[in-house]
Amino acid sequence: MAEHLSDEEQLENLKKWWREYGVIAITVVALSIGGYFGSVFYKERQQTQAEEASVLYQQMMEIALVSPNQILDDTQYQLVAGLASQLKSSFSSSQYARYAALLMAKIFVEKNDLDAAAGELKWALNDADEGLELVIKLRLARIEASRGNIDLALTMIGDIDAGTMASAYSETQGDFHLMKEDKVSAYNFYLQSLSQSL
């Protein structure tokens, strides 16, 4: 009889617990399962998008490949520009979109459209990783120097901690000073660049 009462008490305690915590328990289990499958779905989606962006960028690179001292013909340019636009709109958070913008900037420089090149570089600068950011800033400064804004170009790269690109930054500053016909400063920056590359 005592065991039977004990079973009934246990059943009553379980019912009481279920009334108090049942909804919370179901919610916790559902959130855990949902979170797990959501995480798996998100990772798979990220991987799929990265693969799609990679394929588009590879196509872009293959079309843009030309012999030295040649530029893209109109058909190649239209195809490359279309792929770059697709990468920038559909995969804007990927590094492939930034690489596409860098390639378009290079093409615009070859076409002597410095405004369009600067626009591509400024777009690529948003959310670029640190290493790519250094490359982009250096290229933007070179575009300004090409426009004749040498003092602005020097200001753009003068106070940047260039890390592993310090030698390239110093060499570029030397180039800019040489453009200003300041041979002493140019020489000093070239020496600095040489010492940073060792």
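Residues numbered from 1 in each chain as written. Predicted model: local features only at pLDDT ≥ 70, side-chain atom pairs only at ≥ 80, totals over all residues. Heavy atoms only, no water.

1. Quick word on the overall build of the chain
Here's step 1: If you tally the helices and strands in the chain, you get eight helices and zero strands.
Here's step 2: Ordered by position in the sequence, the α and β elements of the chain form the string α-α-α-α-α-α-α-α.
Here's step 3: Along the longest, intermediate and shortest principal axes, the C-alpha atoms of the chain span 105 × 45 × 30 Å.
Here's step 4: In the chain, which comprises 198 residues, the proportion classed as buried is 31%.
Here's step 5: Taking as baseline every contact in the chain between residues at least 6 positions apart, the subset at least 24 positions apart corresponds to 49%.
Here's step 6: Computing the positive centroid from 16 side-chain charges and the negative centroid from 28, the chain places the two 4 Å apart. (Helix = DSSP H or I, 4+ residues; strand = E, 2+ residues; numbered from the N terminus. Buried < 20%, exposed > 50% of the residue type's maximum accessible area, 1.4 Å probe, protein only. Contact = heavy atoms within 4.5 Å. Lys, Arg positive; Asp, Glu negative; His and termini not counted. Charge placed at Lys NZ, Arg CZ, Asp CG, Glu CD.)

2. Some remarks on the packing of aromatic side chains
Here's step 1: Applying the stated criterion to the full structure yields five aromatic pairs.
Here's step 2: When the ring of Trp17 is compared with that of Trp18, the centres are 6.4 Å apart and the planes differ by 45°; the resulting orientation is tilted.
Here's step 3: What makes Trp18 partly exposed here is its relative accessible area of 47%.
Here's step 4: Its guanidinium or amino end placed over the ring of Trp123, Lys88 lies 5.0 Å from that ring's centre, counting from NZ or CZ.
Here's step 5: For the cation-ring pair, Lys111 lies above Tyr77, with the distance from its terminal atom to the ring centre recorded as 4.5 Å. (Phe/Tyr/Trp six-rings, centres within 6.5 Å; stacked < 30°, edge-to-face > 60°. Lys NZ or Arg CZ within 6 Å of the ring centre and 35° of its normal.)

3. A few points about the layout of surface pockets
Here's step 1: Of the voids in this model, the largest pocket is the one considered here, and its volume is about 190 Å³.
Here's step 2: Of all elements in the fold, only helix H1 (2-64) and helix H3 (95-110) reach the threshold of two or more residues within the lining of the largest pocket.
Here's step 3: In terms of residue count, H1 provides more of the lining of the largest pocket than any other element does, four residues in total.
Here's step 4: A breakdown of the residues in the lining of the largest pocket according to their chemical character gives four nonpolar, seven polar and no charged.
Here's step 5: Counted as a void, the second largest pocket has a volume near 150 Å³.
Here's step 6: If you trace the second largest pocket, you find 13 residues lining it, with Ala64, Leu65, Val66, Leu103 and Lys106 closest to the centre. (1 Å grid on protein atoms, 1.4 Å probe; cavity = no way out; pocket = protein on both sides within 12 Å on 5 of 7 lines; lining within 4 Å. Points joined across faces, edges and corners; volume = space filled by probe spheres on them. Nonpolar A, V, L, I, M, F, W, Y, C, P; charged D, E, K, R; others polar.)

4. Here we look at the pattern of salt bridges
Here's step 1: Applying the stated criterion across every chain, the model contains seven salt bridges.
Here's step 2: One salt bridge in this structure joins Arg147 and Glu144, with 2.7 Å as the shortest N-O distance.
Here's step 3: We classify Arg147 as partly exposed; its relative accessible area is 33%.
Here's step 4: For Glu144, a relative accessible area of 10% gives the class buried.
Here's step 5: Salt bridges sharing common partners tie together Asp115, Glu144 and Arg147. (Salt bridge = Lys/Arg side-chain N within 4 Å of Asp/Glu carboxyl O.)

5. Looking at the environment of Ile33
Here's step 1: In this structure, Ile33 sits in helix H1.
Here's step 2: Between the C-alpha atom of Ile33 and that of Asp161, which follows or precedes it by 128 residues, the distance is 46 Å.

6. Observations regarding the nonpolar core
For soluble globular proteins, the rule of thumb is that nonpolar side chains tend to be buried together.
Here's step 1: In terms of nonpolar packing, the biggest core is built from 31 residues, with Met60, Leu87, Met104 and Ile136 touching the most fellow members.
Here's step 2: When residues of this core are traced back to their parent elements, those giving at least two are H1, helix H2 (74-90), H3, helix H4 (114-125) and helix H5 (130-146).
Here's step 3: Considering each element in turn, this core owes the most residues, eight residues, to H3.
Here's step 4: Apart from residues lying up to four places away in sequence, Leu87 is in contact with Ala53, Leu56, Tyr57, Met60, Ser92, Tyr96, Ala97 and Ala100.
Here's step 5: Listed in part, the 13 residues of the second largest apolar core include Ala145, Ile150, Leu154 and Phe176. (Core = buried A, V, L, I, M, F, W, Y, C linked by side-chain atoms within 4.5 Å.)

7. Quick word on empty space enclosed by the protein
Here's step 1: Per the stated rule, a full pass over the model turns up one cavity of 30 Å³ or more.
Here's step 2: In this structure, the largest cavity occupies an estimated 40 Å³ of space.
Here's step 3: Along the walls of the largest cavity sit Ile71, Leu72, Ile107, Glu110 and Lys111, which together make up its complete lining.
Here's step 4: When the residues that make up the lining of the largest cavity are grouped by side-chain class, the tally is three nonpolar, no polar and two charged.

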